[in-house]
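Inside the fold
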Amino acid sequence: MTPTDIAAPDYFHKVVDCQWACPAHTPVPEYIRLIAAGRYSDAYMINWRSNVFPGILGRTCDRPCEPACRRVRVEEEAVAICRLKRVAADYKDDIKGRLPKPAAVKNGKRVALVGAGPASLTVARDLAPLGYTCVVFDGDTRAGGMMRTQIPKFRLPDSVIDEETGYVLDLGVEFRSGSRVDSMKALLAEGFDAVVVGCGAPRGRDLDIPGRREAADNIHIGIEWLASVSFNHVERIGRRVIVLGGGNTAMDCCRSARRLGGEDVKVVVRSGFEEMKASPWEKEDAAREGIPIHNFLVPKEFTHAGGKLTGVTFEKVKAEYDAKGRRKLVPAGEPDVHFECDDVLVAVGQENAFPWIERDTGIAFDAHGMPVIDKVTLQSTNPKVFFAGDAAFGPKNIIWAVAHGHEAAVSIDKWLHNEDVAHRPQPAVTLVSQKMGIHEWSYKNEVMPDERYAVPHRDNAAALADIAAEVELGFDAKLALAEAGRCLNCDVQTVFSAPLCIECDACVDVCPMDCITFTQDGEEADLRQRLRAPATNLAQDLYVADGLKTGRVMAKDEDVCLHCGLCAERCPTGAWDMNKFYLEVAQAGPACR
């Protein structure tokens, strides 16, 4: 194998698994160390630069960082990264003085943003301080988009949304509340230099099965029903409720129904419990509130009498797999199942809907009705129009919408400066030694088996009695410190200098994971098998250094290294050092041009 180029920005970025997995590439270990030091405002600002909504995401993020967490190499449970993000938001001081100021001079460019959700607001956050006139259109009276309308208040209080959307709007962004955009042609005719479509995926899928029309009064589309609950248009539901669907929207529906009078609430899914799209913690919360989940049942008919819903009939199915491991659901050959109910909430998916975009505006759509856009620049076939968030690629989550917003802002800034939109700016990267003295490091490097700490919850009876009462209470400072201590500081990298190495094998002897090997070089597949512990995870690189006096190479498996620093402490010549890697993704502005 050729020696590893550790100067390449993506090399150590990929080793910081949590940051690599985050769509917005938030420097997770850095803000966790700040939380451990009680520097909550500093931790918040690191989050705010990358993910824009730390308090919101600290409660609602889909947490792609956590399955990637290196702590899983030690225990089953990852560091509670998401909940620690909330700690930074809950315990910060007044940070308004640390936010960018509205641009003193405008640059003459006007950007229209359709929808006041996370994608549009991220674009506005990035562009407004640069002098752009950003105008956000939304049919609702308050900003937030589906963060406000589809996420129940017991998970995300309005006060948190108001605060963090307010930080963006206070940058000099014009918010046209109650202004629904009904025509792309009309919007373009207003002379905007660029348009961002960030209106989400606002249409819930329906089920066209027998009885749907006859019992329509008591069959509700999940996301529409949640919006009605959010705006207090719906305050009650029947005693017996069936929720169809296995995603996070279904979990929000069933938990909301319990708080609005549903005593017997069931979730019914066509897949197996383990295959449900809902996040594991969402399923746990539903179970905590006494909501059963019935699986392998496919809705067959809505039963009704006298125009009133009486229940749902389901066909029992089972999973079968072909030779390639592909699954399909087939009838189980068992009798149908019938559940009686008073109301049904249909949460079987969401779709994009662009009836307001005329098809002669230069914006191409594919056979599925989705806009044809560049996956990197997010620019449509009309170069003035960009798509971001769920509107771009279909339903995902808030952190993906934020990531899209940053990329769209870069594209708009470059395009309106007559630059190549496809040329993307490189991130800012630093690599700094953490050594302060002999056997002393500027970070906690003790690796201890420490199981994940449980976040406190409101008592079930109190939680179910009030739909606005937040269920998760968050970590206090003591629990936050304990949980932060579980972070393995995987951004503090082992850096090797071959000219200093005397090949004494002290690092090999002290390594608790057997991840360092001095051996003859070879092809990667061969070398991976000849390490002290075979490196089987091909998704994680080997760190290879040559130039040793014996002609061998040093090969370290980045997958299992715990960044404990014992190799650097033990090395008698300083051939190993611990260097803190810090990466900031480039955002719109002069630096990216």
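All values reported here derive from a predicted model rather than from experimental measurement.

**Considerations on unusual backbone geometry**
With phi around 55°, His 25 is a residue other than glycine that occupies positive phi space. Mapped onto the elements of the fold, His 25 is located in the loop between helix H2 (17-21) and helix H3 (28-36). For His 25, a relative accessible area of 21% corresponds to the partly exposed category.

**A few points about the state of the cysteines**
Structurally, a disulfide amounts to a covalent bond that connects the sulfur atoms of two cysteines. Scanning the entire structure with this criterion turns up 0 disulfides. Between Cys 341, a free cysteine, and Cys 253, which holds the nearest cysteine sulfur, the sulfur-to-sulfur gap is 14 Å. The class for Cys 341 is buried, based on a relative accessible area of 0%. Cys 507 supplies the cysteine sulfur nearest to Cys 501, a cysteine that is in no disulfide, at a spacing of 6.4 Å.

**Quick word on the side chain of Asp 126**
Tracing the sequence through the fold places Asp 126 in helix H8 (residues 118-127). Within the local environment of Asp 126, its side chain forms a polar contact with the side chain of His 406, the two groups lying 2.7 Å apart. Not counting residues up to four positions away in its chain, the partners in contact with Asp 126 are His 406, Ala 409, Gln 587 and Ala 588.

**Notes on the side chain of Arg 63**
Relative to the helices and strands, Arg 63 is located in the loop between helix H5 (54-60) and helix H6 (65-68). It is Glu 66 that comes nearest to the buried, bridge-free Arg 63 among opposite-charge side chains, at 4.1 Å.

**Observations regarding the domain arrangement of the protein**
According to the domain assignment, the protein contains domain 1 (99-202 + 352-415) and domain 2 (204-349). For domain 1 versus domain 2, the distance between C-alpha centres works out to 32 Å. With 11 residues of domain 1 at the contact, the number on the domain 2 side is 11 residues. At the boundary of domain 1 with domain 2, total buried surface from both sides reaches about 920 Å², with 56% on carbon and sulfur atoms. Interface area lost by domain 1 to domain 2 is led by Gln 150, Phe 154 and Arg 155, which between them contribute 54%.

**What about the sheet that holds strand S22 (residues 542-545)?**
The 3 strands are arranged S21-S23-S22 in an open sheet whose pairing can be described as antiparallel. Of all strands in the sheet, those with a lone pairing partner are strand S21 (516-519) and S22, marking the two edges. When strand polarity is set aside, the average angle formed by the axes of neighbouring strands in this sheet is 20°. Pairing analysis gives 4 bridges linking S21 to strand S23 (residues 553-557), with the strands arranged antiparallel. Looking at the pairing, Phe 518 lines up with Met 554 of S23.

**Thoughts on a negative patch on the surface**
Side chains of Glu 76, Glu 77, Glu 284 and Glu 451 sit close together on the surface and give a patch of like negative charge. Looking at the element boundaries, Glu 76 is found in the loop between H6 and helix H7 (81-91).

**Some details on the nonpolar core**
The nonpolar side chains of soluble globular proteins are, as a tendency, buried together. Of all hydrophobic cores here, the largest spans 65 residues; its most connected members are Leu 127, Met 184, Leu 187, Val 195, Phe 387 and Ile 412. Of the residues forming this core, the biggest block, 7 residues, is contributed by helix H16 (residues 398-415). Not counting the four nearest positions on each side in its chain, Leu 127 is found in contact with Val 111, Tyr 132, Cys 134, Ala 409, Ile 412, Asp 413 and Ala 588. Listed in part, the 61 residues of the second largest apolar core include Val 15, Cys 561, Cys 571 and Ala 575.

**Considering the sheet that holds strand S4 (residues 194-197)**
If you trace the 5 strands from one edge of the open sheet to the other, you get S3-S2-S1-S4-S16, paired in parallel fashion. Edge positions in the open sheet fall to strand S3 (174-177) and strand S16 (385-387), since each of these has one partner strand only. Neighbour-to-neighbour, the strand axes of the sheet open up by a mean angle of 20°, direction not taken into account. As defined by bridge partners, strand S1 (residues 110-114) adjoins S4 across 4 bridges and the pair is classed as parallel. Bridging across to S4, Ala 112 finds its partner in Val 195. In the packing of H8 onto the sheet, contacts are made with S1, strand S2 (133-138) and S4, and the angle to S1 comes to roughly 160°.

Calculation criteria
- Residues numbered from 1 in each chain as written.
- Predicted model: local features only at pLDDT ≥ 70, side-chain atom pairs only at ≥ 80, totals over all residues.
- Heavy atoms only, no water.
- Helix = DSSP H or I, 4+ residues; strand = E, 2+ residues; numbered from the N terminus.
- Buried < 20%, exposed > 50% of the residue type's maximum accessible area, 1.4 Å probe, protein only.
- Disulfide = S-S within 2.5 Å.
- Polar contact = N/O pair within 3.5 Å; in protein donor to acceptor, adjacent residues only side chain to side chain.
- Contact = heavy atoms within 4.5 Å.
- Lys, Arg positive; Asp, Glu negative; His and termini not counted.
- Salt bridge = Lys/Arg side-chain N within 4 Å of Asp/Glu carboxyl O.
- Domains from an automatic or database assignment.
- Buried area = accessible area lost by both parts, 1.4 Å probe.
- Pairing = 2+ DSSP bridges.
- Axes fitted to C-alpha atoms, helices over the stretch in contact; angles between N-to-C directions.
- Patch = residues over 30% accessible without salt bridge, like charges linked within 9 Å, V, L, I, M, F, W, Y side chains within 5 Å.
- Areas by Shrake-Rupley, 256 points an atom, 1.4 Å probe, with all protein chains shown as cover.
- Charge placed at Lys NZ, Arg CZ, Asp CG, Glu CD.
- Core = buried A, V, L, I, M, F, W, Y, C linked by side-chain atoms within 4.5 Å.

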